[in-house]
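# Observations on chain architecture
This is what each chain is made of:
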Amino acid sequence: QVQMVESGGGSVQPGESLTLSCRVSGNIFRVNAANAAGWYRQPPGSQRELVAAISAGGRTDYADSVKGRFTISRDSAWNTVTLQMNSLKPDDTGVYYCTAGSFQGITYYPNSRWGQGTQVTVSS
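Keep in mind that what you see is a predicted model, and the values were worked out from it rather than measured.

## A word on the side chain of Arg41
Within the secondary structure layout, Arg41 lies in strand E4 (residues 36-42). Using a relative accessible area of 4% as the deciding quantity, one classes Arg41 as buried. Within the structure, the side chain of Arg41 is placed 2.9 Å from the side chain of Tyr96, a separation counted as a polar contact. Apart from the residues lying within four places of it in its own chain, the contact partners of Arg41 are Gln47, Arg48, Glu49, Val51, Ser65, Val66, Phe70, Asp91, Asp92, Val95 and Tyr96.

## Some words on the pairing of E4
In terms of burial, E4 is a largely internal element, 6 of the 7 residues being buried. Inspection of the sheet shows E4 paired to strand E5 (residues 49-55) by 6 bridges, in the antiparallel sense. Counterpart to Ala37 in the pairing with E5 is Ile54. Where E4 meets strand E9 (residues 94-104), 7 bridges bridge the pair, whose relative direction is antiparallel. Across the sheet, Tyr40 pairs through a bridge with Tyr97, a residue of E9.

## Quick look at the pairing of E9
Counting buried positions along E9 yields 9 of 11 residues, so the element is predominantly enclosed. Pairing of E9 with strand E11 (residues 118-122) involves 3 bridges; the strand directions are antiparallel. Paired with Gly94 across the strands is Val120, a residue of E11. In this sheet, strand E10 (residues 107-110) lies alongside E9 in antiparallel orientation, the contact comprising 4 bridges.

## Observations regarding the state of the cysteines
Applying the stated criterion to the full structure yields 1 disulfide. The disulfide partner of Cys22 is Cys98, and the S-S distance across this bridge is 2.1 Å. Taking the sign of the torsion about the S-S bond as the criterion, the disulfide between Cys22 and Cys98, at about 65 degrees, is right-handed. Of the two residues, Cys22 sits in strand E3 (residues 18-25) while Cys98 sits in strand E9, which places them 76 residues apart along the sequence. You can call Cys22 buried: its relative accessible area is 0%. For Cys98, a relative accessible area of 2% corresponds to the buried category.

Cut-offs used in this document
- Residues numbered from 1 in each chain as written.
- Predicted model: local features only at pLDDT ≥ 70, side-chain atom pairs only at ≥ 80, totals over all residues.
- Heavy atoms only, no water.
- Helix = DSSP H or I, 4+ residues; strand = E, 2+ residues; numbered from the N terminus.
- Buried < 20%, exposed > 50% of the residue type's maximum accessible area, 1.4 Å probe, protein only.
- Polar contact = N/O pair within 3.5 Å; in protein donor to acceptor, adjacent residues only side chain to side chain.
- Contact = heavy atoms within 4.5 Å.
- Pairing = 2+ DSSP bridges.
- Disulfide = S-S within 2.5 Å.

Written out as structure tokens, the structure is:
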């Protein structure tokens, strides 16, 4: 089995940075052929959306709203998946979730259960 637990959220002012960490327990490649990981977020009153994803080979994909500000990465053993968030804006506020999944072409699909997430609040 695989379990992914998010941490690192908090309350910051616009322009500040946060680093979110996803601790991976288990073999990610044995979860319905998962070969990638992705971060999602759910803003207040809005739908959950994909923020960033990374494949086993290092391919990355970002939402247009975070390109140039956020960076997704992982260690070689898939123990940790990280989301570095710089120049945070109020619109970045939401609950952030990490998932295991796979790429179908250029599109990332999650294939793990949603965890508790970690809250990120950006306000002045």
